[in-house]
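Examination of the molecular architecture
Listed below are the residues making up each chain.
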Amino acid sequence: MREFVFALEYEPSANPVADVLAEYPAASIRSLSCHVTEDSLWRVDHAEGPPEALEALEEAYKTADFFADCLVKDDCGAECEVQVLDRSSDTLVVYTYWDRTEICTSVPHVALEYLGEGLLFETYRESRRYRWRIVLGSDAPIHDFFDALGEEVGECTGMEMLRLTELDPDHGGVDPGDETALPSEQRAALRAAVEHGYYETPRRTDLSELAERLDVPRSTLSYRLRRAEASLATGFVTDESLEALPVEP
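The sections below set out a description of the structure shown in this document. (Residues numbered from 1 in each chain as written. Predicted model: local features only at pLDDT ≥ 70, side-chain atom pairs only at ≥ 80, totals over all residues. Heavy atoms only, no water.)

Some thoughts on helix 4 (residues 142-153)
Its 12 residues give helix 4 an end-to-end C-alpha distance of 16 Å, which sits within 8% of 16 Å, the value for a rise of 1.5 Å per residue. Of all the residues in helix 4, the buried ones are Ile142, Phe145, Phe146, Ala148, Leu149 and Val153. Down the axis of helix 4, the smallest arc covering the buried residues is 165°, so these residues share one side. The outward face of helix 4, more than 90 degrees from its buried face, is lined by the exposed residues His143, Asp147 and Glu151. Each element contacted by the buried residues of helix 4 is listed here: strand 1 (2-10), helix 3 (107-115), strand 7 (129-136) and strand 8 (157-166). (Helix = DSSP H or I, 4+ residues; strand = E, 2+ residues; numbered from the N terminus. Expected span 1.5 Å × (residues − 1). Buried < 20%, exposed > 50% of the residue type's maximum accessible area, 1.4 Å probe, protein only. Arc of directions from axis to C-beta. Contact = heavy atoms within 4.5 Å.)

Below is the structure:
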(Lines give C-alpha, C1' and ligand atoms only; values in the text may rest on other atoms or scores of the structure.)
Protein backbone atom coordinates (compact mmCIF):
# COMPACT_ATOMS: atom_id res chain seq x y z
CA MET A 1 0.00 0.00 0.00
CA ARG A 2 1.06 3.58 -0.63
CA GLU A 3 -0.13 7.00 0.45
CA PHE A 4 -0.41 9.86 -2.02
CA VAL A 5 -0.63 13.37 -0.61
CA PHE A 6 -1.38 16.45 -2.71
CA ALA A 7 -2.98 19.85 -2.25
CA LEU A 8 -5.39 22.06 -4.17
CA GLU A 9 -5.17 25.85 -3.85
CA TYR A 10 -8.41 27.63 -4.69
CA GLU A 11 -8.47 31.07 -6.29
CA PRO A 12 -10.81 33.69 -4.74
CA SER A 13 -14.51 33.11 -5.55
CA ALA A 14 -13.80 29.62 -6.94
CA ASN A 15 -15.08 27.79 -3.85
CA PRO A 16 -17.34 29.27 -1.13
CA VAL A 17 -15.88 27.15 1.67
CA ALA A 18 -12.34 28.16 0.73
CA ASP A 19 -13.42 31.81 0.71
CA VAL A 20 -14.74 31.50 4.28
CA LEU A 21 -11.59 29.75 5.49
CA ALA A 22 -9.45 32.47 3.91
CA GLU A 23 -11.50 35.11 5.72
CA TYR A 24 -11.11 33.30 9.07
CA PRO A 25 -7.50 32.00 9.31
CA ALA A 26 -8.14 30.37 12.71
CA ALA A 27 -10.74 28.03 11.18
CA SER A 28 -10.01 24.63 9.62
CA ILE A 29 -11.85 21.53 8.41
CA ARG A 30 -10.81 17.89 8.53
CA SER A 31 -12.70 14.92 7.18
CA LEU A 32 -14.16 12.30 9.48
CA SER A 33 -15.21 10.10 6.55
CA CYS A 34 -15.42 10.34 2.76
CA HIS A 35 -17.06 7.74 0.51
CA VAL A 36 -17.59 7.62 -3.24
CA THR A 37 -19.44 5.45 -5.74
CA GLU A 38 -19.75 5.93 -9.48
CA ASP A 39 -23.08 7.72 -8.94
CA SER A 40 -22.72 9.56 -5.63
CA LEU A 41 -20.50 11.08 -2.97
CA TRP A 42 -21.07 11.47 0.76
CA ARG A 43 -18.85 12.65 3.57
CA VAL A 44 -18.73 13.96 7.13
CA ASP A 45 -16.53 16.96 7.97
CA HIS A 46 -15.39 18.37 11.32
CA ALA A 47 -14.79 22.13 11.37
CA GLU A 48 -13.06 24.09 14.14
CA GLY A 49 -12.87 27.83 14.65
CA PRO A 50 -14.50 30.89 16.20
CA PRO A 51 -18.33 31.03 16.24
CA GLU A 52 -18.58 33.58 13.44
CA ALA A 53 -16.42 31.37 11.20
CA LEU A 54 -18.58 28.31 11.87
CA GLU A 55 -21.73 30.28 11.06
CA ALA A 56 -20.22 31.36 7.75
CA LEU A 57 -19.05 27.81 6.99
CA GLU A 58 -22.50 26.38 7.67
CA GLU A 59 -24.01 28.93 5.30
CA ALA A 60 -21.40 28.07 2.64
CA TYR A 61 -22.16 24.37 2.90
CA LYS A 62 -25.85 25.09 2.39
CA THR A 63 -25.36 27.40 -0.60
CA ALA A 64 -27.67 26.19 -3.36
CA ASP A 65 -25.04 26.06 -6.11
CA PHE A 66 -22.29 24.47 -3.98
CA PHE A 67 -21.79 20.71 -3.70
CA ALA A 68 -19.01 19.38 -1.49
CA ASP A 69 -15.96 18.59 -3.66
CA CYS A 70 -17.75 19.01 -7.00
CA LEU A 71 -15.22 20.44 -9.47
CA VAL A 72 -17.76 21.71 -11.99
CA LYS A 73 -17.59 25.52 -12.12
CA ASP A 74 -21.25 26.10 -13.10
CA ASP A 75 -24.44 24.60 -11.73
CA CYS A 76 -24.12 20.87 -12.40
CA GLY A 77 -27.77 20.14 -11.57
CA ALA A 78 -26.96 17.66 -8.81
CA GLU A 79 -29.25 17.14 -5.84
CA CYS A 80 -27.41 17.75 -2.56
CA GLU A 81 -28.34 17.01 1.04
CA VAL A 82 -26.63 18.91 3.86
CA GLN A 83 -27.22 18.18 7.52
CA VAL A 84 -25.52 19.56 10.63
CA LEU A 85 -24.83 16.59 12.90
CA ASP A 86 -23.29 18.48 15.80
CA ARG A 87 -22.63 22.08 16.75
CA SER A 88 -20.86 23.77 19.67
CA SER A 89 -19.24 27.15 20.22
CA ASP A 90 -16.05 26.10 18.42
CA THR A 91 -16.88 22.95 16.41
CA LEU A 92 -19.23 22.04 13.58
CA VAL A 93 -19.87 18.55 12.17
CA VAL A 94 -21.55 18.49 8.75
CA TYR A 95 -22.85 15.61 6.63
CA THR A 96 -23.15 16.13 2.86
CA TYR A 97 -24.46 13.85 0.13
CA TRP A 98 -25.03 14.38 -3.57
CA ASP A 99 -26.16 12.30 -6.53
CA ARG A 100 -23.92 12.71 -9.54
CA THR A 101 -25.18 14.06 -12.86
CA GLU A 102 -23.56 13.49 -16.25
CA ILE A 103 -21.30 16.53 -15.85
CA CYS A 104 -20.47 16.16 -12.14
CA THR A 105 -16.96 15.22 -11.09
CA SER A 106 -14.81 15.43 -7.98
CA VAL A 107 -11.42 14.36 -6.63
CA PRO A 108 -12.86 11.06 -5.30
CA HIS A 109 -14.65 10.36 -8.60
CA VAL A 110 -11.49 10.95 -10.64
CA ALA A 111 -9.60 8.75 -8.17
CA LEU A 112 -12.22 6.02 -8.49
CA GLU A 113 -11.95 6.13 -12.28
CA TYR A 114 -8.14 5.98 -12.43
CA LEU A 115 -7.12 4.26 -9.19
CA GLY A 116 -9.98 1.81 -8.70
CA GLU A 117 -12.01 0.85 -5.66
CA GLY A 118 -10.84 0.30 -2.09
CA LEU A 119 -9.40 3.81 -1.64
CA LEU A 120 -9.18 5.60 1.69
CA PHE A 121 -9.53 9.40 1.70
CA GLU A 122 -8.44 11.90 4.33
CA THR A 123 -8.65 15.67 3.89
CA TYR A 124 -7.63 18.83 5.69
CA ARG A 125 -8.61 22.39 4.75
CA GLU A 126 -7.06 25.64 5.95
CA SER A 127 -7.40 29.01 4.19
CA ARG A 128 -7.56 28.33 0.42
CA ARG A 129 -5.47 25.18 0.69
CA TYR A 130 -7.19 21.78 0.49
CA ARG A 131 -4.90 18.85 1.29
CA TRP A 132 -5.83 15.32 0.21
CA ARG A 133 -4.32 12.06 1.45
CA ILE A 134 -5.27 8.89 -0.45
CA VAL A 135 -4.26 5.40 0.65
CA LEU A 136 -4.14 3.10 -2.39
CA GLY A 137 -2.55 0.03 -3.92
CA SER A 138 1.17 0.07 -4.76
CA ASP A 139 0.58 -0.47 -8.49
CA ALA A 140 -2.03 2.28 -8.96
CA PRO A 141 -1.29 4.71 -11.87
CA ILE A 142 -0.70 7.85 -9.79
CA HIS A 143 0.58 10.06 -12.59
CA ASP A 144 -2.37 9.26 -14.86
CA PHE A 145 -4.72 10.21 -12.04
CA PHE A 146 -2.87 13.44 -11.27
CA ASP A 147 -2.81 14.48 -14.93
CA ALA A 148 -6.55 13.80 -15.29
CA LEU A 149 -7.28 15.73 -12.10
CA GLY A 150 -5.31 18.70 -13.44
CA GLU A 151 -7.55 18.79 -16.51
CA GLU A 152 -10.66 18.78 -14.30
CA VAL A 153 -9.64 21.52 -11.85
CA GLY A 154 -8.66 23.95 -14.62
CA GLU A 155 -7.09 27.34 -14.03
CA CYS A 156 -9.09 28.36 -10.96
CA THR A 157 -7.35 25.83 -8.72
CA GLY A 158 -3.63 25.28 -8.29
CA MET A 159 -2.24 21.80 -7.61
CA GLU A 160 0.82 20.62 -5.73
CA MET A 161 2.09 17.06 -5.31
CA LEU A 162 3.43 16.72 -1.74
CA ARG A 163 4.57 13.12 -1.38
CA LEU A 164 4.14 9.54 -2.53
CA THR A 165 5.41 6.96 -0.07
CA GLU A 166 5.10 3.29 0.76
CA LEU A 167 3.24 2.68 4.01
CA ASP A 168 5.27 1.08 6.80
CA PRO A 169 3.06 -1.59 8.41
CA ASP A 170 5.05 -1.35 11.66
CA HIS A 171 4.44 2.38 12.22
CA GLY A 172 1.51 4.75 11.91
CA GLY A 173 0.67 8.42 12.35
CA VAL A 174 2.78 11.41 11.34
CA ASP A 175 6.51 10.89 10.97
CA PRO A 176 7.98 13.32 13.54
CA GLY A 177 10.72 14.21 11.09
CA ASP A 178 8.43 14.65 8.10
CA GLU A 179 7.55 18.32 7.75
CA THR A 180 5.66 17.70 4.52
CA ALA A 181 2.91 16.01 6.53
CA LEU A 182 1.93 19.49 7.74
CA PRO A 183 0.01 22.12 5.74
CA SER A 184 2.30 24.76 4.19
CA GLU A 185 1.11 27.52 6.55
CA GLN A 186 2.02 25.41 9.58
CA ARG A 187 5.41 24.46 8.10
CA ALA A 188 6.21 28.13 7.47
CA ALA A 189 5.21 29.08 11.02
CA LEU A 190 7.26 26.27 12.52
CA ARG A 191 10.36 27.07 10.45
CA ALA A 192 10.17 30.76 11.32
CA ALA A 193 9.77 29.94 15.01
CA VAL A 194 12.90 27.80 14.96
CA GLU A 195 14.94 30.24 12.85
CA HIS A 196 14.14 33.21 15.09
CA GLY A 197 14.72 31.42 18.39
CA TYR A 198 11.14 31.08 19.59
CA TYR A 199 11.88 27.63 21.02
CA GLU A 200 15.21 28.56 22.61
CA THR A 201 15.66 29.08 26.36
CA PRO A 202 15.54 31.97 26.92
CA ARG A 203 13.57 32.87 23.82
CA ARG A 204 15.16 35.25 21.32
CA THR A 205 11.70 36.33 20.11
CA ASP A 206 8.17 36.17 21.45
CA LEU A 207 4.93 35.32 19.67
CA SER A 208 3.98 38.92 18.94
CA GLU A 209 7.35 39.70 17.36
CA LEU A 210 7.23 36.53 15.30
CA ALA A 211 3.71 37.31 14.10
CA GLU A 212 4.86 40.77 13.04
CA ARG A 213 7.77 39.29 11.08
CA LEU A 214 5.41 36.94 9.26
CA ASP A 215 2.74 39.63 8.81
CA VAL A 216 -0.05 37.49 10.29
CA PRO A 217 -2.29 38.07 13.33
CA ARG A 218 -0.86 36.82 16.61
CA SER A 219 -3.87 34.52 17.16
CA THR A 220 -3.40 32.96 13.71
CA LEU A 221 0.27 32.26 14.32
CA SER A 222 -0.47 30.78 17.74
CA TYR A 223 -3.10 28.50 16.21
CA ARG A 224 -0.79 27.29 13.43
CA LEU A 225 2.05 26.54 15.85
CA ARG A 226 -0.27 24.63 18.18
CA ARG A 227 -1.61 22.52 15.32
CA ALA A 228 1.90 21.80 14.02
CA GLU A 229 3.19 20.91 17.47
CA ALA A 230 0.20 18.64 18.10
CA SER A 231 0.71 16.78 14.81
CA LEU A 232 4.41 16.25 15.38
CA ALA A 233 3.93 15.25 19.01
CA THR A 234 1.22 12.74 18.07
CA GLY A 235 3.48 11.20 15.43
CA PHE A 236 6.36 10.99 17.90
CA VAL A 237 4.28 9.31 20.60
CA THR A 238 2.80 6.87 18.07
CA ASP A 239 6.26 5.84 16.88
CA GLU A 240 7.61 5.49 20.42
CA SER A 241 4.58 3.77 21.97
CA LEU A 242 5.58 0.22 21.10
CA GLU A 243 9.07 0.68 22.51
CA ALA A 244 7.61 2.14 25.70
CA LEU A 245 5.45 -0.88 26.46
CA PRO A 246 6.64 -2.80 29.57
CA VAL A 247 8.23 -6.17 28.96
CA GLU A 248 7.12 -8.98 31.22
CA PRO A 249 9.94 -10.98 32.84
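Here's the deal with the environment of Leu149
Along the chain, the position of Leu149 falls in helix 4. Spatially, the C-alpha atom of Leu149 lies 7.0 Å from that of Val107, the residues being 42 residues apart in sequence. Once you skip the residues sitting within four places of it in the chain, Leu149 turns out to touch Phe6, Leu71, Val107, Val110 and Met159.

With respect to unusual backbone geometry
A cis geometry characterises the amide bond from Thr201 onward to Pro202, with omega recorded as -5°. Among the secondary structure elements, Pro202 is positioned in the loop between helix 5 (184-195) and helix 6 (207-214). The backbone of Ser127 sits at a positive phi, close to 55°, despite the residue not being glycine. Position of Ser127 among the secondary structure elements: in the loop between strand 6 (120-126) and strand 7. Positive phi is not limited to glycine here, since Asp215 has a value of about 60°. Tracing the sequence through the fold places Asp215 in the loop between helix 6 and helix 7 (218-244).

Concerning the pairing of strand 7
Across the 8 residues that make up strand 7, a large majority, 7, are buried. As judged from the 8 bridges shared by strand 1 and strand 7, these two strands associate in the antiparallel manner. Bridge pairing in strand 7 places Ala7 opposite Arg131. With 7 bridges connecting them, strand 6 and strand 7 associate as antiparallel partners. In the sheet register, Glu122 faces strand 7, and the bridge partner there is Arg133. (Pairing = 2+ DSSP bridges.)

Considerations on the pattern of salt bridges
Summed over the entire model, instances satisfying the criterion amount to 10 salt bridges. Across the pair Glu3 and Arg133 runs a salt bridge whose closest N-O atoms are separated by 2.4 Å. Of this pair, Glu3 sits in strand 1 while Arg133 sits in strand 7, and the two are 130 residues apart along the sequence. Of the charged contacts, one joins Glu3 and Arg163 as a salt bridge, the two residues approaching to 3.0 Å between their closest N and O atoms. Of the two residues, Glu3 is situated in strand 1 and Arg163 in strand 8; the sequence distance between them amounts to 160 residues. Across the pair, exposure class does not vary: Glu3 and Arg163 are buried alike. In the salt-bridge network here, residues are joined through shared partners; they are Glu3, Glu122, Arg133 and Arg163. (Salt bridge = Lys/Arg side-chain N within 4 Å of Asp/Glu carboxyl O.)

Quick notes on a negative patch on the surface
On the surface, a cluster of negative charge is contributed by Glu38, Asp39, Glu79, Asp99, Glu113, Asp144, Asp147, Glu151 and Glu152. The element that contributes the greatest number of residues to the negative patch is helix 4, accounting for 4 residues. Using a relative accessible area of 51% as the deciding quantity, one classes Asp147 as exposed. (Patch = residues over 30% accessible without salt bridge, like charges linked within 9 Å, V, L, I, M, F, W, Y side chains within 5 Å. Areas by Shrake-Rupley, 256 points an atom, 1.4 Å probe, with all protein chains shown as cover. Lys, Arg positive; Asp, Glu negative; His and termini not counted. Charge placed at Lys NZ, Arg CZ, Asp CG, Glu CD.)

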